[in-house]
Amino acid sequence: MAERGARLLLSLLCLTFLYPATTVSRHAEKGTAARPFSPFWFSVEPWDTLAVRGAPALLNCSAHSGDPASEPTAPQARVEWKKDGTFLSLAPDDGRRRVLPDGSLLISSVVHSKHNKPDEGTYQCVATIDSLGTIASRTARLTVAGMPRFSSQPAAASIRLGDSQVLACDVNPDLVPLARWEREREPLELSSRLVQLPNGALVVSNASEADAGLYRCMVENAGPAKTSEEAQLTILPETGEERELEFLVEPLPVTKVVGASLLLPCVVTGYPAPYVRWMVGDKLVEESEGKLELVGGGSLLIYNLTEEDAGVYSCMADITNNTIEAKAELTVQVPPEFLKRPANIYAHESMDIMFQCEVTGSPAPTVKWVKNGDAVIPSDYFKIINEHNLQVLGLVKSDEGFYQCLAENDAGNMQSSAQGVANPTGPTPSAPRDVVASLVSTRFIKLTWRPPAEPNGEDLTYSVYFNQEGTNRERILNTSRPGEMQVTIQNLMPDSKYKFRVVAHNKNGLGESSAVLKVATQGEVQVPGPAPNLQAVSTTPTSVTLSWDTPLTGNGDVLTYKVYYMEKGLDLEQDIDAGALSYTLMGLKKFTEYSIRVVAFNKHGPGVSTGDITVTTLSDVPSAPPQNLTVEVHNSKSIMVRWQPPPPGAQNGEITGYKIRYRKGTRKSEAAETTGGTQLFQLIDGLERGTEYTFRVSAITVNGSGPATEWSTAETFESDLDESRVPDIPSSLHVRPLVNSIVVSWTPPENQDMVVRGYTIGYGIGSPHAQTIKVDYKQRYYSIENLDPSSHYVITLKAFNNVGEGIPVYESAITRPQSDPIDPDVDLYELFHAPYTPVPDPTPMLPPVGVQASVLSHDTIKVTWADNSLPKNQKITDARYYTVRWKTNIPANTKLKVTHTGTGRSLINGLVPILTFCLTFTVPSSSPKDVTVVSKELKPRTIIVNWQPPSEANGKITGYIIYYSTDVNAEVHDWVIEPVVGNRLTHQIQELTLDTTYYFKIQARNSKGMGPMSEAVHFRTPKSKCGGGGGGNPWRLIGSEGGGGGGNSWRLIGSERGGIPAFTIIVVVVGAFLCTRRTTSHQKNSHKYKGNSKDLKPPDLWIHHERLELKPIDKSPEPNPVMTDTPIPRTSQDINPVDPSLDNSLGSVFVVVMLNISCFSYI
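Note on numbering: residues in each chain are counted from 1, in written sequence order. It should be noted that, the model being predicted, local features are given only for residues of pLDDT at least 70 and side-chain atom pairs only at 80 or more, the latter also being counted only at that level, while totals for whole chains, interfaces and linings use all residues. Excluding hydrogens and water, the side-chain figures rest on all heavy atoms present in the structure.

### Examining the overall build of the protein
Put simply, the test is: Runs of H or I in DSSP of at least four residues are treated as helices and runs of E of at least two as strands, each being numbered from the N terminus. Classification of residues uses two cut-offs on accessible area relative to the type maximum, computed with a 1.4 Å probe and protein chains only: under 20% is buried, over 50% is exposed, and between them is partly exposed. Per-residue accessibility takes into account occlusion by the displayed protein chains alone, with areas from the Shrake-Rupley method and a 1.4 Å probe.
Looking only at helices and strands, the protein features 3 helices and 90 strands. Burial status across the protein gives 45% buried among its 1163 residues. With an accessible surface of roughly 57300 Å², the protein has 51% of that area assigned to carbon and sulfur atoms.

### Some details on the pattern of salt bridges
Side chains that differ in sign of charge can pair as their charged atoms come close. Applied cut-off: Whenever Lys or Arg places a side-chain nitrogen within 4 Å of a carboxyl oxygen from Asp or Glu, that contact is recorded as a salt bridge.
Under the definition given, this model contains 33 salt bridges. As a salt-bridge pair, Glu670 and Arg661 come within 4.0 Å of each other at their nearest N and O atoms. Classification of Arg661 as partly exposed rests on a relative accessible area of 22%. Ionic pairing is found between Lys778 and Glu715, a salt bridge with its closest N-O pair at 2.5 Å. With Lys778 in the loop between strand E68 (771-776) and strand E69 (781-784) and Glu715 in strand E64 (residues 712-715), this residue pair connects regions lying 63 residues apart in the sequence. Connected via shared salt-bridge partners are Asp163, Glu238 and Arg243.

### A look at the sheet that holds strand E7 (residues 97-99)
To keep it simple, the criterion reads: Strand pairing is assigned whenever DSSP identifies at least 2 bridges connecting the two strands. Each axis is a line fitted through C-alpha atoms, and for a helix only the stretch in contact is used; angles between axes span 0 to 180 degrees, taken between their N-to-C directions.
Pairing within the open sheet is antiparallel, and its 3 strands lie in the order E3-E8-E7. In this open sheet, the two strands that pair with only one neighbour each are strand E3 (57-59) and E7. Neighbour-to-neighbour, the strand axes of this sheet turn through a mean angle of 15°, independent of strand direction. Across 3 bridges, the pairing between E3 and strand E8 (residues 105-107) is antiparallel. The partner of Leu59 across the bridge, within E8, is Leu105.

### Thoughts on the nonpolar core
Let me state the cut-off plainly: For the purposes of this section, nonpolar cores are sets of buried Ala, Val, Leu, Ile, Met, Phe, Trp, Tyr and Cys residues that join through side-chain atoms within 4.5 Å. When checking whether two residues touch, look at their non-hydrogen atoms; a contact exists if any pair is within 4.5 Å.
Among the nonpolar cores identified, the biggest contains 22 residues, and Phe40, Phe42, Trp81, Tyr123 and Ala127 are the most heavily contacted of them. Elements represented by at least two residues in this core include exactly strand E1 (40-44), E3, strand E5 (78-83), E8, strand E9 (121-129) and strand E10 (133-145). The element best represented in this core is E9, accounting for 4 residues. Apart from residues lying up to four places away in sequence, Ala127 is in contact with Phe40, Phe42, Ala63, Ala77, Arg78, Val79, Gly133, Thr134 and Ile135.

### Quick notes on the state of the cysteines
What counts here: A pair of sulfur atoms, both from cysteines and within 2.5 Å, is called a disulfide here.
Summed over the entire model, instances satisfying the criterion amount to 4 disulfides. Disulfide pairing is shown between Cys266 and Cys315; the S-S distance is 1.8 Å. A torsion of -75° about the S-S bond marks the disulfide between Cys266 and Cys315 as left-handed. A residue pair is termed long-range when its members are at least 10 positions apart, and Cys266 in the loop between strand E24 (262-264) and strand E25 (267-271) and Cys315 in strand E30 (residues 311-319) qualify at 49 residues. Like Cys266, the residue Cys315 is buried in the burial classification.

### Focus: the packing of aromatic side chains
Any two aromatic rings considered together are summarised by their centre-to-centre distance and by the angle between their planes. As a reminder, the rule being used: For Phe, Tyr and Trp, rings pair up if their centres lie within 6.5 Å, where Trp contributes its six-membered ring, and each pair is then called stacked (planes under 30 degrees apart), edge-to-face (over 60) or tilted (otherwise).
In this structure the tally under the stated criterion is 16 aromatic pairs. A ring pair is formed by Phe717 and Tyr777, whose centres lie 6.3 Å apart and whose planes are at 80°; its orientation type is edge-to-face. Of the two residues, Phe717 sits in the loop between E64 and strand E65 (730-737) while Tyr777 sits in the loop between E68 and E69, which places them 60 residues apart along the sequence. Judged by its relative accessible area of 9%, Phe717 falls in the buried class.

### A word on the environment of Lys368
Note that Lys368 resides in strand E35 (residues 366-371). Taking the C-alpha atoms as reference points, Lys368 and Ala407, separated by 39 residues in sequence, lie 6.7 Å from one another. If we skip the residues at most four places from it in the chain, Lys368 touches Gln404, Cys405 and Leu406.

### A look at the environment of Ala580
Looking at the element boundaries, Ala580 is found in the loop between strand E52 (574-578) and strand E53 (582-585). Ala580 sits in the partly exposed class, given a relative accessible area of 40%. Counting along the chain gives 33 residues from Ala580 to Ser547, while the straight-line C-alpha distance between them is 9.0 Å. Setting aside chain neighbours within four positions, we find Ala580 in contact with Trp548 and Tyr561.

### Overview of the side chain of Asn652
This is how the line gets drawn: For this analysis, a polar contact is any N or O atom pair within 3.5 Å, provided that within protein one partner can donate a hydrogen and the other can accept it, and provided that sequence-adjacent residues contribute only side-chain to side-chain pairs.
Residue position: Asn652 is located in the loop between strand E58 (638-644) and strand E59 (657-664). At 3.3 Å, the side chain of Asn652 forms a polar contact with the side chain of Ser623. Discounting residues that sit within four places of it in the chain, Asn652 has contacts with Lys590, Phe591, Ser619, Asp620, Val621, Pro622 and Ser623.

### Quick notes on the sheet that holds E24
Ordered in space as E24-E29-E28, the 3 strands form an open sheet in which the pairing is antiparallel. Every interior strand has two partners, whereas the edge strands, E24 and strand E28 (292-295), have only one. Strand after strand, the sheet turns through a mean of 25° between neighbouring axes, direction not considered.

### Quick look at a positive patch on the surface
So the rule is basically this: What makes a patch is a set of residues exposed beyond 30% relative accessible area and free of salt bridges, joined within 9 Å when like-charged and within 5 Å when nonpolar (Val, Leu, Ile, Met, Phe, Trp, Tyr). This count recognises Lys and Arg as positive and Asp and Glu as negative, with His and chain-terminal groups excluded. The atom standing in for a charge is NZ when the residue is Lys, CZ when it is Arg, CG when it is Asp and CD when it is Glu.
The grouping of Arg53, Lys114, Arg149 and Lys226 at the surface amounts to a positive patch. Checked against the element boundaries, Arg149 lands in the loop between E10 and strand E11 (150-152).

### A short note on the side chain of Ser164
Mapped onto the fold, Ser164 is located in the loop between strand E12 (157-160) and strand E13 (165-167). Classification of Ser164 by relative accessible area gives buried; the value is 10%. Setting aside residues no more than four positions away along its own chain, Ser164 makes contact with Ile159, Val204, Ser205, Asn206, Leu248, Val267, Val268 and Thr269.

### A word on unusual backbone geometry
Geometrically, the link from Tyr271 to Pro272 is a cis peptide bond, its omega value of 0° lying close to zero. Here Pro272 is to be found in the loop between E25 and strand E26 (275-280). Here the amide bond leading from Ser362 into Pro363 is cis, since omega sits at 0°, within 30 degrees of zero. As for its placement among the helices and strands, Pro363 is situated in the loop between strand E34 (358-362) and E35. In this structure, Asn304 is a non-glycine residue whose phi angle is positive, near 50°. Position of Asn304 relative to the elements: it lies in the loop between strand E29 (299-302) and E30. Positive phi, close to 60°, is recorded for Asn786, a residue that is not glycine. As for its position among the elements, Asn786 is in the loop between E69 and strand E70 (792-800). The class for Asn786 is exposed, based on a relative accessible area of 63%.

It is worth stressing that arrangement in space is one thing and function is another; only the former is reported here.
As structure tokens, then:
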């Protein structure tokens, strides 16, 4: 906030020098009006949808802006769609997916198979109006129903008259709504006696002879209906012999959303006919019309679920002297609901604003904020307050837009938006003059004043700030209309001293405060004195009981008492009337400290207040489970359990411990261990080898245990393995390419004595490090989805444990062309039991892959690679050899050096300190956002640049480049460059020229290179030198064009006389690779670098350059550094500009090795 408000501080310090410019600004601002809010909202948002393969699917969305009555020409929103967080690319010729005129997404024919699921996923509608901003809808899940499959089918059965029977029909869970039953091949009409269970099975209860016949189950999908086998149901007469009670179907634990209906199955057989009843907890469930109904002889149907319906339900069946019981827990989830939605905010620049958002739901929803469709990343000026609210510090123009609060839990998600509008800050009024107390009474004071000498606007309003002497709590009272210059402050205390000050407002905000005026009210004896003996006792976690005595000086009958109370840390005091000498405050927060006082009232008004007393409400059990539960197998007999405390607002007291419950497999019996209050982990030992255990954790206060986490599962090892080093290389890797996916299968390392906790799969076009996926140690295959057709992918597989990742095994594959037919039912056995992976045709030879460079010494580098035209063991059986070429780019020495080798590696000796290789880039596809520039306090020649990361980083951001110039139209190579290392979002630039307009652009880089530049942002430095300036930079990098061969020559100019360290750049080219370089005129362009180039790192290439060492030279500072008074320093280092449009062919691989000095180049 201090950085973003630097302009205001600087203007105050330099008022004398800046006054003429300020005056011009006043006149320029005069008469401007605040920009009104622009309504922009979704009238329709998408909802979760179940689709059928081959059938159409529609996701609804419609966005509107403005008021149709008053703004008939309001701009139309441009609607786009995201799938799984990425914008859909809907080409004009894509006839299968298109956006309808109202913004809805229509998929005319859903595509879905085992290895190709392009339509299933999470969708979000994004609406944009260029002049306003962007809003995003709630997310919706599109699920595609699978092909109908019966896991169990009806079988022939017999049933006695009046008894119950169940006919099985287990189908895919997503197809149960599409299942129905037939008797004698005629549709079966369901009733309270014939009930279809949630899994599709049919219950026949209180059987009659009419129930006999052939039954079958049918699933009607988009294609032909799928029918089960037919089963004969035979009705037998009742013999009268007693039959033992038995559950045919028992209730199972279930989770449902509020408002849904639910059938809890319970089917019992026996004779005499059993009596079935239900209990929830210890309460008997009674049928009620429209809410609870017993169907199917004993199953419980619950309509319109509420939170109160949650609990443990017991189905109990009685027959003579025998009773059986089955229990199941019903969990009712509540989707997020807004208690307080964010409101539109209009504020002036440099002000702090707060968007409030309060949500409720079960489980407790998580909240995230987006601005104009992009996630808000917490920073120095974007802060999340009280878990849900968003605070923006030091408002700037680029903060304008639509802010959305997105709340989500397991039951659903929703969003609410608000608009933020920033008004440039102009001159504010000076202090009001001649503030006086024109009328003083016992309980009120009337103040009057004259307008400011410099109003800087019309229609001024005023605020009066006042507080009682001896207290720090300042209150505020505003005038009722513009131009009014008097106010009466009521409800003051008699015979008390008060402090007053007045502040004027204009359209630009608050002005200067007047001097403090001290006034004492007159004495009064007619009102009651303070109520003595005020006491407060916390009776429950949410209530406090108060008591007090009658005031000693009542001055007449006390009519009533008023209790004032306030939560500690807040400034909002609440009050409530109490007619007696005691009162119980209800609805307080649990385990929270409150400040309380009491005032007696008689016919003359309020009396003297008691002193404040404090009380803390009682603690309670936690209302939320611990967070971030993880389980990790330690060895064959122990598992480590870790967690985080419940959210602070849900702890409801001091956490005294945690209870860990665990059980083996599917057993219902549990064991438990308890930890201390600050311990957030526990090693559970004494377990069985090779056994699956489930764990959950609950927090404990002195009041008991709170809710537990969800069950988390882990399986102990069969035997204790070694984890002192990383795992060995996987013993095999096979790939099977399809059109948009590659199926990968593998076998574990041959050494089975090392712990393997999982596998890391890397893949990408030409480089295996574009994407990374981690899978479980049990997994032996994985399908890599959403790939491009007819593309060459390099794939790596590494086993890992807690020590690290092992040696990778490489493979490559070319995905099929788009025209290839897709087989939705590929036999997985055929995929994973192939004897080896087919290799590409070795004629012509393929470029080597997996090129790696390692520095062995100051003048030696080892280069290794893999050949895809060889078998997996890379054994060379023919007469092939490899050529490694390298050269320096020193103009005087451009001759290629060559070495030959018959293996997949080569040592290059006798090199000079710096070596450069070549690589293609996959760069960020968008520029950094919200670029702002402010001056530094007391240093007018220093500015601070702030920004936000790009929306589409395409990987981890490793640094930024700041360009600045005094000419916005200058060629890019004439701009000065400031490098920024890492993910920092702020940077200082020093030694700028005063009273000069500068233009700034920023470029982001990831491990693959540089992204596009941001739009230019301008800033004018102050006229006066009000703060100290920093020293010059003792090192300058000087570049020159020309030289032999048209290459760039490089010099490092040090601060010491004659000190020109020289270095050599060497280019290593693997023979089978073609180094693609641009030959356009841009090669001759150069960028200017300011400062030490050690701030700039080479791209994080997939060559293993992490083994390289950077050792910057330590130079003493120059007493007379090279400096210039021009806005742009003319001493600079020339480099080739990074062009994101570089050819993406598989060319040479580049890496930079720096040994003696900390500078480098991109080629």
